[in-house]
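Coordinate inspection notes
Here is how the chains run, residue by residue.
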Amino acid sequence: MSTTKKIVNSSINKIPQLTLLFWIMKIAATTLGETGSDLVTVPGTEDNYLIPLLFFVGVFAIFLTIQLVVKKYVPPVYWTVILSTSLAGTAFSDFMDRSLGLGYMKGSLLLVSVLAIIFLFWYITEPTLNVKSIATKRVEVLYWIAILVSNTLGTAAGDFLSHKASGVGTLAGGGNYLEQGLGLTIAQGSMVTGGLILIVLLAYWFTKINRVFLFWLAFVLTRPFGATFGDYLIKPHEKGGLGLENGTEIASAILLAILVICIIIQFAISKSKIDESNHQVN
């Protein structure tokens, strides 16, 4: 085997197979990013989005470093990084849209532009955006930056869907920010993003549209779906949510349990394949 093939195979082993289980875990992790971020607030500074932003970016940096160091796909490490990008993305979107006053529409457009620049740079330096072809640390870092930005975009887009069509939001601390949303309810926002994901799935099954494009489109769409669905689970009735008592804690616990169970299933499947391979060799 050539050196290049060894590098590519090593890199592929750090990315999970794109199965149904992967997408279930991705949606669970991104939704948990929305509900979990609401659990981390500093009393008296609920509108100071810089504090959770710095905290979650620090968590992301720590686990990204671990992910870059490991030599193979380690489910708890990989999915902790995914979860940390969702948490950091939520905090960054809130800071940008509310603390900086950009609003949901301008914030979403800015993030779309940033993500497009990342993909363009990636494609120029590597002639593909296929995650199965990640062969260097540089591209692996680009992969994770793209995920972080896409999750930030997903939060901003989810807020854009489910907030007032126009107007100014007021922070408890006295600041203002532009809402500029489509004015959908949280449930309607979930249905819109869920419907878009379904369209991408149908396109994958019944068309010949580029698979890499469809992957990244679905990957980005899972975040606004997670954002709106997470809000639906934890928000009170007057804001369009289910209004469950301790909804944030309950939803976060359930989503974390789903993620852990899926990781255990991945371990079991991986061990079964290794045992089967060893049996065939013997």
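Conventions used here
- Residues numbered from 1 in each chain as written.
- Predicted model: local features only at pLDDT ≥ 70, side-chain atom pairs only at ≥ 80, totals over all residues.
- Heavy atoms only, no water.
- Patch = residues over 30% accessible without salt bridge, like charges linked within 9 Å, V, L, I, M, F, W, Y side chains within 5 Å.
- Areas by Shrake-Rupley, 256 points an atom, 1.4 Å probe, with all protein chains shown as cover.
- Salt bridge = Lys/Arg side-chain N within 4 Å of Asp/Glu carboxyl O.
- Helix = DSSP H or I, 4+ residues; strand = E, 2+ residues; numbered from the N terminus.
- Buried < 20%, exposed > 50% of the residue type's maximum accessible area, 1.4 Å probe, protein only.
- Expected span 1.5 Å × (residues − 1).
- Arc of directions from axis to C-beta.
- Contact = heavy atoms within 4.5 Å.
- Axes fitted to C-alpha atoms, helices over the stretch in contact; angles between N-to-C directions.
- Parallel < 35°, antiparallel > 145°, perpendicular 65-115°, else oblique.
- Left-handed = near helix turned anticlockwise from the far one by under 90°.
- Nonpolar A, V, L, I, M, F, W, Y, C, P; charged D, E, K, R; others polar.

Further remarks concern a nonpolar patch on the surface. Together, Leu-198, Leu-201, Leu-202, Tyr-204, Trp-205 and Phe-206 give the surface a local cluster of nonpolar side chains, amounting to about 660 Å² of exposed area. Structurally, the position occupied by Trp-205 is in helix α7 (residues 186–206). Note on Trp-205: relative accessible area 54%, which makes it exposed.

This part covers α7. Taking 1.5 Å of rise per residue, the 21 residues of α7 would be expected to cover 30 Å, and the 30 Å separating its terminal C-alpha atoms lies within 8% of that figure. Taken together, the buried positions of α7 are occupied by Ile-186, Gly-189, Ser-190, Thr-193, Ile-197, Val-200 and Ala-203. Seen end-on, α7 carries its buried residues on one side only, within an arc spanning 150 degrees. Along α7, the residues that are exposed and aim more than 90 degrees away from the buried face are Met-191, Ile-199, Trp-205 and Phe-206. On its buried face, α7 sits against α6 (137–161) and α8 (211–234).

A few words on the pattern of salt bridges. Applying the stated rule across the entire model yields four salt bridges. Close ionic contact of Lys-14 with Glu-140 constitutes a salt bridge, the shortest N to O distance being 3.0 Å. Placement of Lys-14 in the loop between α1 (3–12) and α2 (20–37) and of Glu-140 in helix α6 is noted, with a sequence separation of 126 residues between them. One exposure class covers both Lys-14 and Glu-140, and it is buried. Of the charged contacts, one joins Glu-140 and Lys-137 as a salt bridge, the two residues approaching to 3.9 Å between their closest N and O atoms. One end of the pair is Glu-140 and the other is Lys-137, both in helix α6 and three residues apart, which spans about a single turn. Under the relative-accessibility criterion, Glu-140 is labelled buried at 5%. Through salt bridges with shared partners, a single network forms among Lys-14, Lys-137 and Glu-140.

Taken N-terminus to C-terminus, the directions of helix α3 (residues 50–69) and helix α4 (residues 75–99) make an angle of 155 degrees; their axes are 8 Å apart at the nearest point. Between α3 and α4, the interaxial angle falls into the category roughly antiparallel. Crossing angle aside, the handedness with which α3 passes α4 is left-handed. Of the residues in α4, those touching α3 at Leu-50, Pro-52, Leu-53, Phe-56, Val-57, Val-59, Phe-60, Phe-63, Leu-64, Ile-66 and Gln-67 are Val-77, Tyr-78, Thr-80, Val-81, Ser-84, Thr-85, Leu-87, Ala-88, Ala-91, Phe-92 and Phe-95. Among the residues making up the contact of α3 with α4, the classes are represented as 18 nonpolar, four polar and no charged.

Bringing the side chain of Glu-126 into the picture now. Within the fold, Glu-126 resides in the loop between α5 (103–125) and α6. Every residue in contact with Glu-126, bar those within four places of it in the chain, is listed here: Ser-133, Arg-138 and Val-139.

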